[in-house]
Amino acid sequence: ARLDVAKAWQDACERPFFYAGAGKGAVPAAWKQAAWAEVAAASSALRDAIVLLDLVKACERIPHWFLVQQACKYGFSVVLLRLSIAAYKLERTIGIDGVYSDTLVATRGITAGSVFATAEMRIVMIEALDYVASCSLCVWLTCYVDDVALETVGSEPVVEASLSSATFAFTSQLEAVGLEFSATKNVVSASSAALGRGIVKRLASLKVTGHGRAKSLGSGLGAG
């Protein structure tokens, strides 16, 4: 009944890097990434690399205090958010064959199936993404709900340095509020093996692995 309020906020806070909306589904996002890779592959002077990040249990680990703080900062309806969080904090138990646990109340997390979940994930992501977009002019961002990719096309030294620093700038902000990136699913795909190894080395603390081909938003992707 109040989905129009959330949609109005999304429209007011739209960004080029946000997908999962009218005319901005997963397919256009994936094809945009593939197009940049082909541009680089067609030029002997250019290289392309993309980092695909995976948040561990992204929806389940969002701290409620951070969600409220960011909603106030970016003008999302706190009345609507109060209702949403109240639903997430309903008492719950686990039952097996008539035997039930004590009741528990969640202090973090949103429900992925909630009609407000997409907007709430944007509330969590928007500040970190805005920061990267403002200070990394040659890095392109793609955010599809909780799937984030950073991509750069340019000379090999520029791609390696700028993509690595932008990735750290983004991940460090979310880690600071308790979110965690996967130790096995973060991927870099680069148009040369040497470039891929260089980025993997710079991002060693994130445990990024290099792949010639990767899957981005359900589509096959090869950097070159």
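In this text, all values refer to a predicted model and were calculated from it rather than measured experimentally.

### Description of helix α4 (residues 78–88)
An α-helix turns once every 3.6 residues. As a result, residues three or four positions apart point the same way.
Okay, so step 1: Taken residue by residue, α4 has L80, L81, S84, I85 and Y88 as its buried positions. Seen from one end, α4 has its buried residues packed into an arc of 130 degrees, which puts them on one side. Exposed and facing more than 90 degrees away from the buried side of α4 are V79, R82 and L83.

### Observations regarding the packing of aromatic side chains
Okay, so step 1: Under the criterion given, the structure shown has five aromatic pairs.
Okay, so step 2: For the pair F17 and F18, a centre-to-centre distance of 5.0 Å together with 70 degrees between the ring planes defines the contact as edge-to-face. Each member of the pair, F17 as well as F18, carries the same accessibility label: buried.
Okay, so step 3: Just above the ring of Y19 sits the side chain of K24; from NZ or CZ to the centre is 4.9 Å.

### What to know about helix α3 (residues 64–74)
Okay, so step 1: Every buried residue belonging to α3 is among H64, F66, L67, Q70, A71 and Y74, and all of these are buried. Here the buried residues of α3 occupy an arc of 160 degrees about the axis, which is enough to place them on one side. In α3, the exposed positions that point more than 90 degrees away from the buried face belong to W65 and C72.
Okay, so step 2: At its buried positions, α3 is contacted by α1 (3–12), α4 and α5 (117–135).
Okay, so step 3: Just downstream of α3 lies G75, where phi reads positive at about 80 degrees.

### Side note on the layout of surface pockets
Okay, so step 1: The computed volume of the largest pocket comes to approximately 220 Å³.
Okay, so step 2: Forming the boundary of the largest pocket are 17 residues, of which L52, L53, K215, S216 and L217 lie nearest the centre.
Okay, so step 3: Elements with a contribution of two residues or more to the lining of the largest pocket: β1 (47–53), β4 (139–144), β5 (147–154) and β8 (213–216).
Okay, so step 4: In terms of residue count, β8 provides more of the lining of the largest pocket than any other element does, four residues in total.
Okay, so step 5: Here the lining of the largest pocket is built from residues that sort into eight nonpolar, four polar and five charged.
Okay, so step 6: Its volume calculated, the second largest pocket comes out at about 150 Å³.
Okay, so step 7: P16, F17, Y19, K32, W36, A133, S136, L137, V139, W140 and L141 together form the lining of the second largest pocket.
Okay, so step 8: Within the residue set of the lining of the second largest pocket, elements represented by two or more residues are α2 (26–41) and β4.
Okay, so step 9: Among the elements that make up the lining of the second largest pocket, the one with the highest residue count is β4 (three residues).
Okay, so step 10: Broken down by class, the residue content of the lining of the second largest pocket amounts to nine nonpolar, one polar and one charged.

### Things to note about the state of the cysteines
In protein chemistry, a disulfide is the covalent bond that joins the sulfur atoms of two cysteines.
Okay, so step 1: Counted according to the given criterion, the structure contains zero disulfides.
Okay, so step 2: Free cysteine: C59, not disulfide-bonded; nearest cysteine sulfur from C143 at 11 Å.
Okay, so step 3: On the accessibility criterion, C59 (13% relative accessible area) is buried.
Okay, so step 4: Take C135: it sits in no disulfide, and the sulfur closest to it among the cysteines is that of C138, at 10 Å.
Okay, so step 5: Residue classification places C135 among the partly exposed positions, given a relative accessible area of 42%.

### Focus: the side chain of T142
Okay, so step 1: Tracing the backbone through its elements, the reader meets T142 in strand β4.
Okay, so step 2: At a separation of 2.7 Å, a polar atom in the side chain of T142 contacts the side chain of K32.
Okay, so step 3: Those residues in contact with T142 that sit more than four places away from it in its chain are F17, Y19, A29, K32, Q33, D147, V148, A149 and L217.

Calculation notes
- Residues numbered from 1 in each chain as written.
- Predicted model: local features only at pLDDT ≥ 70, side-chain atom pairs only at ≥ 80, totals over all residues.
- Heavy atoms only, no water.
- Buried < 20%, exposed > 50% of the residue type's maximum accessible area, 1.4 Å probe, protein only.
- Helix = DSSP H or I, 4+ residues; strand = E, 2+ residues; numbered from the N terminus.
- Arc of directions from axis to C-beta.
- Phe/Tyr/Trp six-rings, centres within 6.5 Å; stacked < 30°, edge-to-face > 60°.
- Lys NZ or Arg CZ within 6 Å of the ring centre and 35° of its normal.
- Contact = heavy atoms within 4.5 Å.
- 1 Å grid on protein atoms, 1.4 Å probe; cavity = no way out; pocket = protein on both sides within 12 Å on 5 of 7 lines; lining within 4 Å.
- Points joined across faces, edges and corners; volume = space filled by probe spheres on them.
- Nonpolar A, V, L, I, M, F, W, Y, C, P; charged D, E, K, R; others polar.
- Disulfide = S-S within 2.5 Å.
- Polar contact = N/O pair within 3.5 Å; in protein donor to acceptor, adjacent residues only side chain to side chain.

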